[in-house]
Amino acid sequence: MKHTVQMETEQGRKALVISLCGELDHHSAGKLREEIDAELEKHGFGFCILDMSGVSFMDSSGLGVILGRYRLVTEHGGTLAVRNPNKTVDRILKMSGIYSIVEVKK
Amino acid sequence: MKTNEIHINFPALSENEALARMCASSFAAQLNPTIEELSDIRTAVSEAVTNAIIHAYNSFPLPVYMDMYIEDEVLKIVIRDTGKGIENVDEAMQPFYTTVPGEERSGMGFSVMQAFMDTLEVNSVGGIGTTVVMTKKIERVLPE
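Predicted model, so just to flag it, every value in this text is computed and none were measured.

### Observations regarding the packing of helix H1 (residues 16-28) of chain B against helix H2 (residues 35-56) of chain B
Residue and element names in this part refer to chain B.
So, point 1. The N-to-C vectors of H1 and H2 enclose an angle of 145°; their axes lie 9 Å apart at closest approach. Here H1 runs over H2; the crossing is right-handed. Seen from H1, the contacting residues are Glu 17, Ala 20, Arg 21, Ala 24, Ser 25 and Ala 28; seen from H2, they are Leu 38, Ile 41, Arg 42, Val 45, Ser 46, Val 49, Thr 50 and Ile 53.
So, point 2. Class assignment of the residues belonging to the contact of H1 with H2 gives a composition of eight nonpolar, three polar and three charged.

Rendered as structure tokens:
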């Protein structure tokens with residue numbers, strides 16, 4: 001699974017936007033987790049947005065990745081948000097109750 | 001009565017998760033599902049196959065079996081392994097239940113299968129293996 005990183009200004013705050021692209025399953029989750037964590041270490045844990053618009057498939061392994069990043073970012077005093085999930089990804093996110101703790105931007 | 005079936009097996013390697021999804025969606029395509037139905041099937045299969053790959057064989061790439069059937073408008077998918085089995089199936093099917101908390105597993109696999117398919121049945125015997133049976137009816141209303 002590929003990803004790109006850019007800095008954006010969101011509601012007056014500097015945000016690290018990590019855009020994911022491809023299929024997010026158990027196979028891709030391990031490497032992706034390491035790569036996101038490396039970006040967070042490099043750019044800081046302040047405000048991170050995971051842009052899901054390029055994610056064509058996600059199962060519950062993806063939930064594990066998002067929840068794990070949520071824990072990591074909040075442990076460092078930061079905020080995590082999820083942006084632009086497609087319909088199916090949105091359904092899994094809703095089902096998990098993740099939206100009660102992670103902000104979603106559509 | 002329209003019937004068809006396919007039987008495949010592959011080693012329990014994570015590389016094969018995408019392959020299993022692709023096989024399931026190709027087979028199901030015969031029933032003319034909507035894109036949303038296909039997506040549901042792919043997701044449910046991914047969950048069942050991932051469970052087998054992670055839990056059944058303690059990382060040994062032993063076979064995962066996938067048997068798929070079409071009977072009229074019903075797609076039946078059976079995913080089974082001959083691994084260590086699930087100690088308590090009812091407990092394993094609870095949302096957020098995971099036996100590997102350190103590995104960031106969400107514990108939502110069975111909940112997703114239940115939500116995305118019409119029926120889900122899980123049979124497991126310690127030391128013998130686990131069988132997951134899922135069905136989904138693909139009903140098409142033909143335009144007049």
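There's more to say after this.
### Digging into the nonpolar core
For soluble globular proteins, the rule of thumb is that nonpolar side chains tend to be buried together.
So, point 1. Core analysis: the biggest nonpolar cluster contains 34 residues, and Ile 41, Val 45, Met 66, Ile 77, Ile 79 and Met 134 of chain B have the highest contact counts within it.
So, point 2. Take this core: its biggest share by element is eight residues, from H2 of chain B.
So, point 3. Not counting the four nearest positions on each side in its chain, Ile 79 of chain B is found in contact with Val 45, Ala 48, Val 49, Val 64, Tyr 65, Met 66, Thr 130, Thr 131, Val 132 and Met 134 of chain B.
So, point 4. Among the nonpolar cores identified, the runner-up in size contains 29 residues, and Met 58, Leu 67 and Val 102 of chain A together with Val 112 of chain B belong to it.

### Observations concerning the state of the cysteines
So, point 1. Inspection of the entire model under this criterion finds zero disulfides over all chains.
So, point 2. Left unpaired, Cys 21 of chain A is separated from the closest cysteine sulfur, that of Cys 48 of chain A, by 17 Å.

### Examining the packing of aromatic side chains
So, point 1. Across all of its chains, the model carries zero aromatic pairs over all chains by this definition.
So, point 2. Positioned above the aromatic ring of Tyr 65 of chain B is the side chain of Arg 80 of chain B, whose terminal nitrogen or guanidinium carbon lies 4.4 Å from the ring centre.

### Quick word on unusual backbone geometry
Residue and element names in this part refer to chain B.
So, point 1. Despite not being glycine, Ser 59 shows a phi value in the positive range, around 75°.
So, point 2. Position of Ser 59 relative to the elements: it lies in the loop between H2 and strand S2 (63-71).
So, point 3. Phi at Phe 96 is positive, roughly 70°, even though this residue is not glycine.
So, point 4. The residue Phe 96 is located in the loop between helix H3 (89-92) and helix H4 (109-116) in this model.
So, point 5. We classify Phe 96 as partly exposed; its relative accessible area is 47%.

### As for the sheet that holds S2 of chain B
Residues and elements named next belong to chain B.
So, point 1. Spatial strand order, S1-S2-S3-S5-S4: five strands in an open sheet with antiparallel pairing. Pairing within the sheet leaves two strands with one partner each, and these edge strands are strand S1 (3-11) and strand S4 (119-125). Across this sheet, the average inter-strand angle for adjacent strands is 10°, counted without regard to direction.
So, point 2. One ladder, built from nine bridges, connects S1 with S2; its direction is antiparallel. In the strand pairing of S2, Ile 8 is matched with Met 66.
So, point 3. Sitting on the sheet, H1 is in contact with S1, S2 and strand S3 (74-81), with an inclination near 10° to S2.

### As for helix H2 (residues 60-75) of chain A
Residues and elements named next belong to chain A.
So, point 1. Across its 16 residues, H2 extends 23 Å between first and last C-alpha, which sits within 8% of the 22 Å expected from 1.5 Å per residue.
So, point 2. Of the positions making up H2, those classed as buried are Ser 60, Ser 61, Gly 62, Leu 63, Gly 64, Val 65, Ile 66, Leu 67, Gly 68, Arg 69 and Val 73.
So, point 3. Looking at the residues trailing H2, positive phi occurs at Gly 77, about 80°.

### Section: the side chain of Asp 51 of chain A
So, point 1. Summarising the element assignment, Asp 51 of chain A is placed in strand S3 (residues 47-58).
So, point 2. Non-local contacts of Asp 51 of chain A, meaning those with residues more than four positions away in its chain, are made with Val 17, Ile 18, Ser 19, Leu 20, Arg 83 and Asn 84 of chain A.

### Section: H1 of chain B
So, point 1. A rise of 1.5 Å per residue sets the reference length of H1 of chain B, with its 13 residues, at 18 Å; its end C-alpha atoms lie 18 Å apart and thus fit the reference within 8%.
So, point 2. Buried residues of H1 of chain B: Asn 16, Glu 17, Ala 20, Arg 21, Ala 24, Ser 25, Phe 27 and Ala 28 of chain B, and no others.

### Here's the deal with the interface of chain A and chain B
So, point 1. Taken together, the contact pairs 21 residues of chain A with 26 residues of chain B.
So, point 2. Summed over both sides, the interface between chain A and chain B buries roughly 1,900 Å², with carbon and sulfur atoms accounting for 50% of that surface.
So, point 3. Of the charged contacts, one joins Glu 23 of chain A and Arg 21 of chain B as a salt bridge, the two residues approaching to 2.6 Å between their closest N and O atoms.
So, point 4. Ranked by residues supplied to the side of chain A that touches chain B, first place goes to H2 of chain A with seven residues.

The rules behind the values
Residues numbered from 1 in each chain as written. Chains lettered and ligands numbered in written order. Predicted model: local features only at pLDDT ≥ 70, side-chain atom pairs only at ≥ 80, totals over all residues. Heavy atoms only, no water. Axes fitted to C-alpha atoms, helices over the stretch in contact; angles between N-to-C directions. Helix = DSSP H or I, 4+ residues; strand = E, 2+ residues; numbered from the N terminus. Left-handed = near helix turned anticlockwise from the far one by under 90°. Contact = heavy atoms within 4.5 Å. Nonpolar A, V, L, I, M, F, W, Y, C, P; charged D, E, K, R; others polar. Core = buried A, V, L, I, M, F, W, Y, C linked by side-chain atoms within 4.5 Å. Buried < 20%, exposed > 50% of the residue type's maximum accessible area, 1.4 Å probe, protein only. Disulfide = S-S within 2.5 Å. Phe/Tyr/Trp six-rings, centres within 6.5 Å; stacked < 30°, edge-to-face > 60°. Lys NZ or Arg CZ within 6 Å of the ring centre and 35° of its normal. Pairing = 2+ DSSP bridges. Expected span 1.5 Å × (residues − 1). Buried area = accessible area lost by both parts, 1.4 Å probe. Salt bridge = Lys/Arg side-chain N within 4 Å of Asp/Glu carboxyl O.

These values are about where atoms sit, not about what they do.
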